[in-house]
Amino acid sequence: MDPSGLNPDKEQVKPLSKVKAGQTARVVRIEAGASANARLASMGLVPRTQVSMISNGHPGPMVVSVKGAKMMLGRGMAHKIMVCAASPQ
Amino acid sequence: MDHTVRIKKRITVAVAGNPNSGKSTIFNMLTGAHQHVGNYPGVTVEKKEGFCRWEDTEIRLIDLPGTYSLTAYSVEELIARNFIIEEHPDLVVNVIDASNIERNLYLTTQLIEMEVPLILVFNMSDIARQRGLVFDIDRLSELLESPIVQTVGTKGQGRDVLLQAIVETARRGRSSRVHRVRYGHEIEAELEGIESILKAEEPVLVDHYTSRWLAVKLLENDKAITSLVRSDHVRRIVVAAIARLRTLFAEEPEMIFAERRYGFISGACQEAIRNTVELRHDLSDTVDRVLTHRYLGLPIFLLFMYIVFFLTFKIGAYPMRWLEMLFGRLGTTVAALWPAGADSLPRSLLVDGIIGGVGGVIVFLPNILLLFLAIAVLEDTGYMARAAFVMDRIMHRIGLHGKSFIPMLIGFGCSVPAIMGTRILENRPNRITTILVIPLMSCGARLTIYALLIPAFFPPAWRGPMLWLMYIIGIVLGVICAKVLRMTLLKGETSHFVMELPPYRMPTFKAVSIHMWHRGWMYLRKAGTVILGISIVLWFAMNFPRVAAEDLQGMDNDHAAQVRLERSLMGRIGRAMAPAVRPLGFDWKVGTALIGAMAAKEVFVAQLGIIYAVGEADDHPESLRERLQQAYTPLQGFCIMLFCLISAPCIATVAMTRQETGRWRWALFQWTALTAMAYVITLIVYNIGALLLH
């Protein structure tokens, strides 16, 4: 069994920055370094969380919604958050 | 009946919570205006303290910094955590935004782990109800093993229930918990192993922190806690355990801890919270789409900034004028205490030195109050976060946060409130960089210099562009300096750049006015201490050594003032400095005026007036302009303006930089670096200009 509860090989994994506005994705892993990982986790961004993209304005930051709270995410940070398509719940 | 006074109990309560959870509102609701704002020792994080009374108990409340978590990665989180550990508050009140409960409870799980007596305040419960959230409070309270109080902080609802709960919970004291976050048997096994070794080898630490919390923090690779462990054996065991977990989960253990905490939360929420309305897109999403729009966002932001600017400096000009009149009258009244015509030193010290100096700073109080009114409204409505989003695209390029734009804009009015305004920036290198470049934004006082010199040296058609050029030079230099500082002295990430966009809310009069009052008070305190001291020093420099009365015989007042200034310490320094400023195209007269300008930039104009013996320059700008025209070339005039723009921020700015950075070092660095830069740039401009024009 896959202990993380995810099977990323079956789905296409891409950075959060590639998700289009209005779409929802699921976090697979976060590779932003210890300090940023902790910061993201404290704001609700941990693996297996659903993230919906509210607005994704190239080339600047984006607005996402996580656990019912909205937040702004820098593009550089969003590159380090790997997601897959959200499985319908 | 028993009328004897009962012995009062005193308890200490720490208020913790996420930013935007309404923590300050609850704090204000409990304490009212009985607050004291200071700093945590050694850092510039604000510490708010307040008192209130309930029944026979006096409650001391400490407002901890707003945090999402309690890791060792940020100063605020460390402060909050250390306060709870080191100061042993009788209990912690955890303020939670009831409409955003899952994310807010993450901090709660960590407070639970610290095993402090806890009260959960479900704030904004009215908004939660509107969103269709129904809480089974009893069940949640059971699962989280803490009393839960529902409040609407902005309306003062729930105050008495909360105070009652605080007193009762404090009376009960610490109790061990049954429910706790379970991290799964692999991690629990490691925790158990580490705990037993800790108990054997680090009894002092275990006594201070509890073994489970220590073990969790060690496995989370918490730098602050790891550094406390002396035993090599413990360290080795921890490193091995982390490595095992990392292989097992293919992830950093700290991420697993975070995940499991959210798992615990969602378990509790599923059991005790029902959502009766399915709200997918609310109004706030639509508003956000407009305010953060790619093309609309910027104009909307600029409009709001224009309103802030207008309010601060245009509306503020009226009360400012009244204050000026008040200080003017105070000066005349005090002066009248001495016999007319007598040349009295104490009178001059009191009237020109103290009332003039301190009064000149206090007149800005209306600006400060209005600015912070505007900032408080922007922050409390939730717009500030959107503004940061909009400006980030531009500010990011010079290595600053989107929010830095706001204090920089305020700097065009006055550097002092602008530097105070950098408190909206959380990231320290970012904030210091912003503070350091703010004086390059041409402030209102420098406008008086431009207004005197530009018409003196340039034909009407050039005047507008010239003024514009002065402002642009400041902005460009500010951008360059910020970029350079961020690449050298103040390196570091532009913050992680994850920022919550809080829901839109109506600001309350109470919160906004408390905020405004605190800022105003800080400003007044500064005026009464540092600025008072420096004003006295400058007065001495302008009035000593004295000129004998016989030397001034037969001179009119203007001429006498000129001679006095020439022979004063300041005049002497001006003369001594002359060789140093000559390469810039300045003579000793300009040099002396520049020294005066250290007190406040507009003093430059007043000093030139005295030196050219035309009396009060403000009353006769034309006669002074004529003299200046005869004395200097347009190039020299331009160089004077350039030097005034860049060099030596005024004493009020220096004092404010010292206060807001917490270090004299930064204030001195700012002063020296700007002056040196002014010198070099003016030197180059003057010499190239002279070469081209001849």
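Residues numbered from 1 in each chain as written. Chains lettered and ligands numbered in written order. Predicted model: local features only at pLDDT ≥ 70, side-chain atom pairs only at ≥ 80, totals over all residues. Heavy atoms only, no water.

Attention shifts here to the overall build of chain B. For chain B, the helix and strand inventory stands at 32 helices and ten strands. Dimensions along the principal axes, computed over C-alpha positions, put chain B at roughly 95 × 70 × 55 Å. Taken over 694 residues, chain B has a buried fraction of 54%. Summarising the internal contacts of chain B: among those between residues at least 6 apart in sequence, 73% fall at separations of at least 24. Carbon and sulfur atoms form 62% of the exposed surface of chain B, whose accessible area is close to 31000 Å². Side chains of chain B give 71 positive and 65 negative charges; the mean places of these two sets differ by 4 Å. (Helix = DSSP H or I, 4+ residues; strand = E, 2+ residues; numbered from the N terminus. Buried < 20%, exposed > 50% of the residue type's maximum accessible area, 1.4 Å probe, protein only. Contact = heavy atoms within 4.5 Å. Areas by Shrake-Rupley, 256 points an atom, 1.4 Å probe, with all protein chains shown as cover. Lys, Arg positive; Asp, Glu negative; His and termini not counted. Charge placed at Lys NZ, Arg CZ, Asp CG, Glu CD.)

Our next topic: the pattern of salt bridges. Throughout the structure, instances matching the rule amount to 26 salt bridges over all chains. The closest approach of N and O atoms between D288(B) and K70(A), which form a salt bridge, is 2.7 Å. With D288(B) in helix α13 (residues 283-291) and K70(A) in strand β5 (residues 69-73), this residue pair bridges two chains. Judged by its relative accessible area of 2%, D288(B) falls in the buried class. One salt bridge connects E49(B) with R60(B), and the closest N-O pair in it is separated by 2.9 Å. In this pair, E49(B) sits in strand β3 (residues 46-54) while R60(B) sits in strand β4 (residues 57-63), placing the two residues eleven residues apart along the sequence. When salt bridges that share partners are traced, they join E113(B), K217(B), E220(B) and R261(B) into one network. (Salt bridge = Lys/Arg side-chain N within 4 Å of Asp/Glu carboxyl O.)

What follows deals with the interface of chain A and chain B. Chain A puts 35 residues into the contact, and the matching count from chain B is 33 residues. Summing the contributions of chain A and of chain B, the shared interface buries around 3100 Å²; its carbon and sulfur component is 63%. Taken together, the links from chain A to chain B amount to two salt bridges. The salt bridge involving R48(A) is made with E259(B); its shortest N-O contact spans 2.9 Å. The interface formed by chain A and chain B includes eight residue pairs in polar contact (both at pLDDT 80 or more). (Buried area = accessible area lost by both parts, 1.4 Å probe. Polar contact = N/O pair within 3.5 Å; in protein donor to acceptor, adjacent residues only side chain to side chain.)

What follows deals with the pairing of β5(A). In terms of burial, β5(A) is largely enclosed, as five of its five residues are buried. The alternating pattern of β5(A) places A69(A), M71(A) and L73(A) on one face and K70(A) and M72(A) on the opposite face, and all of these are buried. Both strand β4 (residues 62-66) of chain A and β5(A) contribute to a ladder of five bridges, which runs antiparallel. By the bridge assignment for β5(A), S65(A) is matched with K70(A). The hairpin turn running from β4(A) into β5(A), its antiparallel successor, is two residues long, and K67(A) in that turn takes a positive phi close to 50°. Bridge count between β5(A) and strand β10 (residues 498-501) of chain B: four bridges; the pairing is antiparallel. Among the inter-strand pairings, M71(A) is bridged to a residue of β10(B), identified as E500(B). (Pairing = 2+ DSSP bridges.)

Attention shifts here to the domain arrangement of chain B. Residue and element names in this part refer to chain B. Each assigned domain of chain B is listed with its residue range as follows: domain 1 (9-172), domain 2 (185-275), domain 3 (297-493 + 511-527) and domain 4 (533-693). A separation of 25 Å is found between the C-alpha centroids of domain 1 and domain 2. Each partner contributes to the interface: domain 1 provides 27 residues, whereas domain 2 provides 22 residues. Carbon and sulfur atoms make up 60% of the area that domain 1 and domain 2 hide from each other, which totals about 2300 Å². Viewed at the interface, domain 2 and domain 1 are joined by three salt bridges. Measuring nitrogen to oxygen at the nearest pair gives 3.3 Å for the salt bridge that ties E113 to R261. Remark: the boundary between domain 1 and domain 2 carries eight residue pairs in polar contact (both at pLDDT 80 or more). (Domains from an automatic or database assignment.)

Further remarks concern helix α14 (residues 297-315) of chain B. Residue and element names in this part refer to chain B. Its 19 residues give α14 an end-to-end C-alpha distance of 26 Å, which sits within 8% of 27 Å, the value for a rise of 1.5 Å per residue. Along α14, the positions that sit buried rather than exposed are G297, F301, M305, V308, T312 and F313. Down the axis, α14 shows its buried residues gathered within 100° of arc, on one side only. Looking at α14, the residues exposed on the side facing more than 90 degrees away from the buried face are L303, Y306 and K314. In this structure, the buried residues of α14 make contact with α13, α15 (317-335), α17 (365-381), α18 (383-395) and α19 (405-410). (Expected span 1.5 Å × (residues − 1). Arc of directions from axis to C-beta.)

Another point: the packing of aromatic side chains. For the coordinates displayed, the defined rule picks out twelve aromatic pairs over all chains. Relative to Y383(B), the ring of F304(B) lies with its centre 4.7 Å away and its plane at 55°, an arrangement referred to as tilted. Taken together, the residues span a long stretch of sequence, with F304(B) in helix α14 and Y383(B) in helix α18 at a distance of 79 residues. An aromatic cluster is defined as three or more aromatic residues linked by ring pairs; in this entry it consists of F412(B), Y450(B) and Y471(B). Its end group placed over the ring of Y262(B), K67(A) keeps NZ or CZ at 4.4 Å from the ring centre. Sitting over the face of the ring of W588(B), R575(B) holds its NZ or CZ atom 4.0 Å from the ring centroid. (Phe/Tyr/Trp six-rings, centres within 6.5 Å; stacked < 30°, edge-to-face > 60°. Lys NZ or Arg CZ within 6 Å of the ring centre and 35° of its normal.)

Below, the discussion takes up the side chain of N100(B). Topologically, N100(B) is positioned in the loop between β5 (91-97) and α3 (101-113). For N100(B), a relative accessible area of 6% gives the class buried. When sequence neighbours within four positions are dropped, the list of residues in contact with N100(B) reads K67(A), G68(A), A69(A) and E500(B).

Our focus in this paragraph is the sheet that holds strand β6 (residues 81-85) of chain A. Reading across from one edge, β1(A)-β6(A)-β2(A)-β3(A)-β4(A)-β5(A)-β10(B) is the order of the seven strands in this open sheet, with antiparallel pairing throughout. The sheet is open, and its two edges are formed by β1 (14-15) of chain A together with β10 of chain B, each paired on a single side.

Here we come to the confidence of the model for chain A. Per-residue confidence for chain A gives a mean pLDDT of 82; residues scoring 70 or more make up 83%. Mean pLDDT across the elements of chain A ranges from a minimum in helix α2 (residues 75-79) of chain A, with 87, to a maximum in β1(A), with 94. (pLDDT = per-residue confidence, 0-100.)

Working note: a packed helix pair is described by the angle between its axes plus the distance between those axes. Residues and elements named next belong to chain B. Remark: helix α22 (residues 444-457) packs on helix α30 (residues 634-646), axes separated minimally by 10 Å, with the N-to-C direction vectors making an angle of 175°. Here α22 lies roughly antiparallel to α30, going by the angle between them. Facing α22, whose interface residues are R446, I449, Y450, L453, I454 and F457, α30 presents P634, G637, I640, M641, C644 and L645. For the contact of α22 with α30, the per-class residue count stands at ten nonpolar, one polar and one charged. (Axes fitted to C-alpha atoms, helices over the stretch in contact; angles between N-to-C directions. Parallel < 35°, antiparallel > 145°, perpendicular 65-115°, else oblique. Nonpolar A, V, L, I, M, F, W, Y, C, P; charged D, E, K, R; others polar.)

A word on the pairing of strand β6 (residues 118-123) of chain B. Residue and element names in this part refer to chain B. Burial analysis of β6 places six of its six residues in the buried class, the great majority of the element. Taken together, the six bridges between β5 and β6 define a ladder with parallel strand orientation. Pairing of V93 across the sheet is with I119, part of β6. Crossover connection from β5 via α3 to parallel β6: handedness right-handed. (Right-handed = clockwise from strand over helix to strand, strands pointing away.)

In this section: helix α31 (residues 651-661) of chain B. Residues and elements named next belong to chain B. Among the eleven residues of α31, ten are classified as buried, and the element is accordingly described as predominantly covered. Taken together, the buried positions of α31 are occupied by I651, A652, T653, V654, A655, M656, T657, Q659, E660 and T661. Of the residues one or two after α31, G662 is the one with positive phi, at around 80°.

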